[in-house]
Amino acid sequence: MGGGMGRGMGMMFDGGGGNNVQHELYLRLGSSQGPASGKAKADHFMPPAANLGKSVALTAPARSEPATEPELLPEKPKGRLLIFWGCGEHAPKGQPVVIDFAKVAAGQMPAGMPGSAVIRDWGPNAANSKTFARWPSEDHKFVKPDSSLIGAHRVVSTYAPEIDFTLAKDFMAPLTARTATLPSGASRVSWTAVPGATAWLAFLTGGKMGPGGQMGDMVMWTSSADRQFGGGLADWISPDQAASLVKTGTLMAPSATSCVVPAEVTAASPDFRMGTLTAFGPQESFAYPPRPADPKVAWHPEWTARIRHRSTTSWMQAQGMDMGSAMGAQQPQGNSGCKPKRGLGGMLGGVLSGGDGC
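Residues numbered from 1 in each chain as written. Predicted model: local features only at pLDDT ≥ 70, side-chain atom pairs only at ≥ 80, totals over all residues. Heavy atoms only, no water.

Caption draft 1: Here's a closer look at the overall build of the protein chain. Within the protein chain, the secondary structure is distributed over five helices and 16 strands. A burial count over the protein chain gives 45% of its 358 residues as buried. Long-range pairs, those at least 24 residues apart, make up 70% of the contacts in the protein chain between residues at least 6 apart in sequence. Carbon and sulfur atoms provide 56% of the accessible area of the protein chain, an area that totals close to 18200 Å². (Helix = DSSP H or I, 4+ residues; strand = E, 2+ residues; numbered from the N terminus. Buried < 20%, exposed > 50% of the residue type's maximum accessible area, 1.4 Å probe, protein only. Contact = heavy atoms within 4.5 Å. Areas by Shrake-Rupley, 256 points an atom, 1.4 Å probe, with all protein chains shown as cover.)

Caption draft 2: Structural view of the packing of aromatic side chains. Using the criterion set out here, one finds four aromatic pairs in the structure. Seen in terms of ring centroids, Tyr26 and Trp236 are 5.9 Å apart; in terms of plane orientation they differ by 65°. Their pairing is edge-to-face. Of the two residues, Tyr26 sits in the loop between helix 1 (4-13) and strand 1 (27-31) while Trp236 sits in the loop between strand 12 (215-222) and helix 3 (239-248), which places them 210 residues apart along the sequence. By relative accessible area, which is 22% here, Tyr26 ends up partly exposed. For Trp236, a relative accessible area of 6% translates into the label buried. Judged by centre distance (6.2 Å) and plane angle (80°), the ring pair of Phe203 and Phe229 falls under edge-to-face. Taken together, the residues span a long stretch of sequence, with Phe203 in strand 11 (residues 199-209) and Phe229 in the loop between strand 12 and helix 3 at a distance of 26 residues. An identical accessibility class is assigned to Phe203 and Phe229; each is buried. It is Arg154 that lies over the ring of Phe45; its NZ or CZ is 4.4 Å from the centre. The side chain of Arg310 reaches across the aromatic face of Trp236, ending 3.7 Å from its centre. (Phe/Tyr/Trp six-rings, centres within 6.5 Å; stacked < 30°, edge-to-face > 60°. Lys NZ or Arg CZ within 6 Å of the ring centre and 35° of its normal.)

Caption draft 3: Structural detail: the pairing of strand 1. Among the five residues of strand 1, four are classified as buried, and the element is accordingly described as predominantly covered. Pairing analysis gives five bridges linking strand 1 to strand 6 (residues 131-135), with the strands arranged antiparallel. Residue pairing in the sheet places Ser31 in a bridge with Thr131 of strand 6. (Pairing = 2+ DSSP bridges.)

Caption draft 4: Expanded view of the environment of Ala49. Tracing the backbone shows Ala49 in the loop between strand 2 (42-45) and strand 3 (55-58). In this structure, the C-alpha to C-alpha distance between Ala49 and Asp146, residues 97 residues apart in sequence, is 8.3 Å. Leaving out residues up to four positions away in the same chain, Ala49 has contacts with Asp146, Ser147 and Ser148.

Caption draft 5: Main features of the side chain of Arg273. With respect to the helices, strands and loops of the structure, Arg273 is situated in strand 14 (residues 272-288). In terms of polar contacts, Arg273 uses its side chain to reach the backbone carbonyl oxygen of Ser269, at 2.7 Å. Not counting residues up to four positions away in its chain, the partners in contact with Arg273 are Leu204, Thr205, Gly206, Thr266, Trp315, Met316 and Gln317. (Polar contact = N/O pair within 3.5 Å; in protein donor to acceptor, adjacent residues only side chain to side chain.)

Caption draft 6: Here's a closer look at the state of the cysteines. All told, the structure shown has one disulfide when counted by the stated rule. For Cys87, the disulfide goes to Cys259, at an S-S distance of 1.9 Å. Because the sign of the S-S torsion sets the handedness, a value of about -105° for the bond joining Cys87 and Cys259 places this disulfide among the left-handed ones. Of this pair, Cys87 sits in the loop between strand 4 (80-85) and strand 5 (97-100) while Cys259 sits in strand 13 (residues 258-261), placing them 172 residues apart in sequence. Cys87 sits in the partly exposed class, given a relative accessible area of 40%. (Disulfide = S-S within 2.5 Å.)

Caption draft 7: Main features of the sheet that holds strand 2. Judged by pairing direction, the sheet is antiparallel, and its four strands sit side by side in the order 3-2-7-8 without closing on themselves. With partners counted over all chains shown, the strands left at the sheet margins are strand 3 and strand 8 (163-167), one partner each. Averaged over all adjacent pairs, the angle separating strand axes in this sheet is 20°, with direction ignored. Pairing analysis gives four bridges linking strand 2 to strand 3, with the strands arranged antiparallel. Each bridged residue has a counterpart across the sheet, and for Asp43 the counterpart in strand 3 is Ala57. (Axes fitted to C-alpha atoms, helices over the stretch in contact; angles between N-to-C directions.)

The structure is reproduced here in structure tokens:
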């Protein structure tokens, strides 16, 4: 399930939540070559079990002009952002990091700001490819709940060698997250294991309303023990990278089945809390010609392909109500075509827009 917190909340309110399971598939093809003749064209031929017809057509995203925004009168920023991290019944000393928007606007940055050291591995995109195309496109085709990825795949285009591979791994199983309030006020999030999970990450945003119904404090929390937010954690992470991030405490181990959100997070966001849980999954990789067994032998592949998977679910707590949502998905690595902003601006932009700071 792509799209971040905003997408998960949207599914809840438009009837897509509950125990509905959604599969999503993102295809991206990039090449250092231009089309042999005419316009760039690419088709991904699917196995019959995908239920997408004979093939899907990849299209190049339109290069849109920068949007012109109306000039607004400056307004002094209001409110605060409270940042917590790590699983535990109580937040340790030094938390939360408090970002006062008015002070930030005046150039006063708080000490101990969480950041993102996890590299975003987008693979092919419009920026690093001479010719790039993606799917879903404008063909109005979408993956169905009973679609399967297993079987032979073939990619034919006017600007890259023909690519063919056979997938043995299907969509990951859906997740179901359950929450329970502990006597201390902390909230335990628990889930059942899913086959193929390589690591887990939980994330929560919440808030406290201010006077007149305006937003007061905003709250962010992540299960990351080393205060890692955003960056590559919003993407599809390879099993090797997941194993490395488990060692540093950035991600929870694949054997994890629960995490406690500190009581201080609950107390700081009494009006609503929206959480997501992600299981990062396996990867299948292909290349032609295959990589030589001897690392000293030069390797010049004509094409490479990799398929990454993840499964995501979300839940909401508001005014004493718990609303769970099981939205399972597993897909090849996707890309929105934007360049994510780094640092505080990108992180805050992601929180306010429900995205990843693009």
